[in-house]
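Report on the structure
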Amino acid sequence: MMRFLLSALPAGLVLALAAAPTAHAQNAALDARIAQLATQEESKVIAWRRDIHEHPELGNQETRTAGIIAAHLKKLGLEVQTGVGRTGVVGILRGGKPGPVVALRADMDGLPLTENNDLPFASKVKTTYLGQPVGVMHACGHDTHVAMLMGAAEVLSQVKADLPGTVEFIFQPAEEGSLPGVEGGAKLMVQEGVLDKPKVDAVFGVHISAGTEVGNLTYRPGGEMASSDRFTIKVHGKGSHGAYPWNSVDPVVTAAQIIMGLQTIVSRQVKLIDDAAVVTVGTINGGVRYNVIPPDVEMSGTIRALNPAVQQQIWASIRRIATNIAESAGATADVTIDPYVPVTINDPALTAQMLPTLQAAAGPAHVREIKAVTGAEDFAFYQEKVPGLFLFVGGMTKGQDPATAADHHTAGFRIDESGLTLGVKTLATLAADYLNAGKR
């Protein structure tokens with residue numbers, strides 16, 4: 001009966017049906033080999049992570065880290081470019097067969113923060129940042145990202161004969177930003193052609209999560225992380241003696257009214273059942289003496305949105321509220337909005353395509369979709385150019401209450417290193433499965 005059914009089908013379809021089980025078996029065998037190699041890499045990955053954690057470097061200053069990465073990639077036989085986006089490193093691994101190009105990205109920079117951990121490899125690095133003495137710390141897990149991608153590069157280099165296409169490893173500086181007036185990060189790497197030479201078809205990235213148990217992966221299709229913009233409002237009034245306020249156009253009171261007015265943007269103007277948003281005033285400066293009304297006040301803050309349309313709506317609302325409230329008081333307001341990072345948008349089709357890969361890597365019970373977060377990621381600049389998927393890898397000890405885990409960007413931030421192997425396996429398998437899907 002099977003012979004009869006096959007004979008009734010077009011020859012090309014018969015060949016495809018016959019090859020499908022074989023192709024699936026080959027992909028499963030490759031994924032199993034990758035998982036085995038990732039486990040073997042664990043001690044190396046942990047050692048890399050500890051070394052980088054002990055010697056953190058700020059954005060656009062990651063020369064030591066870049067040197068370690070470049071030496072490792074060259075040892076693996078990859079084509080290596082250094083000095084990309086100032087201090088970035090790019091490695092090219094060409095598979096044994098023709099096919100698509102997939103990029104894997106890790107960020108390298110630390111934060112201006114003094115570490116408060118009893119780890120034997122805790123950072124003791126000191127620096128001066130914006131004129132202030134401070135420590136330097138990997139307080140967001142970028143040290144783990146570098147180590148995991150170095151591990152993935154070693155794993156994939158050992159199976160390159162079975163890869164139908166090319167893998168580009170992007171080690172990016174300055175994800176946390178750089179000094180004022182100095183461009184860097186993903187935006188600069190994209191401008192310098194990191195997605196064009198060779199032409200990348202898809203990009204993947206992971207971020208360690210201090211509040212997610214090891215062994216788990218989390219993701220969200222569409223808007224996953226918020227845009228991040230800075231706004232500055234300068235209120236110009238008229239100064240006077242504090243005893244004679246009627247002689248002034250008080251910019252302090254006007255600024256206070258503007259701050260309260262800005263709170264109505266999220267509470268009354270954004271449709272929160274569809275998209276979350278944040279408008280936060282973080283600084284306010286004006287005056288030098290308690291009994292003098294100053295002529296000017298300046299405030300600054302951050303804008304977060306999960307939808308580009310809402311982002312534009314908030315920009316317009318800030319300008320309208322600030323200028324109109326100032327005018328009503330007889331003052332003026334200059335509003336400046338500096339876009340920083342776009343919304344991190346996971347391509348829905350790519351996310352759906354790679355979900356089985358994530359489930360195979362961690363187990364279906366350990367992969368879950370999450371709500372969007374208002375933190376920001378400059379991985380979004382890659383996603384503006386090519387389909388991308390950004391996800392989170394658990395880094396919290398099993399059984400720990402997330403409420404007791406030190407948050408990212410804090411002095412006590414720490415990671416359970418037993419979660420790094422899953423990150424290596426996930427990155428390597430995402431690349432291999434995407435290339436094999438493209439081959440078919």
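Residues numbered from 1 in each chain as written. Predicted model: local features only at pLDDT ≥ 70, side-chain atom pairs only at ≥ 80, totals over all residues. Heavy atoms only, no water.

Glancing now at the overall build of the protein chain. A tally of regular secondary structure across the protein chain gives 11 helices and 18 strands. Expressed as a percentage of contacts within the protein chain between residues at least 6 apart in sequence, the contacts between residues at least 24 apart total 81%. Carbon and sulfur atoms provide 56% of the accessible area of the protein chain, an area that totals close to 19500 Å². Computed over 36 positive and 43 negative side-chain charges, the separation of the two mean positions in the protein chain equals 3 Å. (Helix = DSSP H or I, 4+ residues; strand = E, 2+ residues; numbered from the N terminus. Contact = heavy atoms within 4.5 Å. Areas by Shrake-Rupley, 256 points an atom, 1.4 Å probe, with all protein chains shown as cover. Lys, Arg positive; Asp, Glu negative; His and termini not counted. Charge placed at Lys NZ, Arg CZ, Asp CG, Glu CD.)

Right, let's get into the packing of helix α4 (residues 63-75) against helix α5 (residues 142-157). Closest axis-to-axis distance for the α4/α5 pair is 10 Å, and the angle between their directions is 10°. If you check the angle between α4 and α5, you find them roughly parallel. On α5, the residues that touch I68, I69, H72 and L73 of α4 are V146, M150, A153 and E154. Grouping the amino acids of the contact of α4 with α5 by side-chain chemistry returns 6 nonpolar, 1 polar and 1 charged. (Axes fitted to C-alpha atoms, helices over the stretch in contact; angles between N-to-C directions. Parallel < 35°, antiparallel > 145°, perpendicular 65-115°, else oblique. Nonpolar A, V, L, I, M, F, W, Y, C, P; charged D, E, K, R; others polar.)

Moving on, we get to the environment of T264. Residue placement: T264 occurs in helix α7 (residues 251-269). Measuring from C-alpha to C-alpha, the distance between T264 and S317 comes to 9.5 Å, with 53 residues separating the pair along the chain. When neighbours within four sequence positions are excluded, T264 is seen to be in contact with Q269 and I321.

Take the sheet that holds strand β6 (residues 164-172) next. With respect to topology, 8 strands assemble into an open sheet ordered β1-β2-β6-β3-β7-β18-β8-β17, the strand pairing being mixed. Two strands in the sheet have a free side with no partner beyond their single neighbour: β1 (79-84) and β17 (367-369). If you compare each strand with its neighbour and ignore which way they point, the axes differ by 25° on average. Both strand β8 (residues 217-219) and β17 contribute to a ladder of 3 bridges, which runs parallel. Residue pairing across strands places Y219 opposite E369, the latter belonging to β17. Contacting β1, β2 (88-94) and β6, α4 crosses the sheet at an angle of about 15° to β2. (Pairing = 2+ DSSP bridges.)

On to the sheet that holds strand β12 (residues 277-285), then. Overall, antiparallel pairing links the 4 strands, which are arranged β12-β14-β10-β15 in an open sheet. Among the strands making up the open sheet, the edge pair consists of β12 and β15 (332-341). Averaged over neighbouring strand pairs, the angle between their axes works out to 20° when direction is ignored. Set on the sheet, α7 makes contact with β10 (227-236), β12 and β14 (296-305); between it and β12 the angle comes to about 170°. Contacting β10, β12, β14 and β15, helix α8 (residues 308-328) crosses the sheet at an angle of about 160° to β15.

Mapped onto the fold, Q383 is located in helix α10 (residues 380-383). A sequence separation of 41 residues divides Q383 from P342, and the C-alpha atoms of the two residues are 9.4 Å apart. Each residue touching Q383, except ones within four places of it in the same chain, is listed here: T344, I345, N346, G388, L389 and F390. Separated by 3.1 Å, the side chain of Q383 and the backbone oxygen of I345 make a polar contact. (Polar contact = N/O pair within 3.5 Å; in protein donor to acceptor, adjacent residues only side chain to side chain.)

With that settled, consider the packing of aromatic side chains. Enumeration according to the criterion identifies 5 aromatic pairs in this entry. Taking 6.0 Å as the distance between ring centres and 65° as the angle between the ring planes, the aromatic pair formed by Y244 and W246 counts as edge-to-face. Exposure remark for Y244: the relative accessible area of 42% places this residue in the partly exposed category. With a relative accessible area of 66%, W246 lands in the exposed category. For the pair F379 and F390, a centre-to-centre distance of 4.9 Å together with 40° between the ring planes defines the contact as tilted. Pair noted here: F379 is in the loop between β17 and α10 and F390 is in strand β18 (residues 388-396), with a separation of 11 residues, a long-range link. Assessed through its relative accessible area of 0%, F379 is described here as buried. Among the residues examined, F390 registers a relative accessible area of 0% and is labelled buried. Members of the aromatic cluster, each reached through a chain of ring pairs, are F379, Y382, F390 and F392. (Phe/Tyr/Trp six-rings, centres within 6.5 Å; stacked < 30°, edge-to-face > 60°. Buried < 20%, exposed > 50% of the residue type's maximum accessible area, 1.4 Å probe, protein only.)

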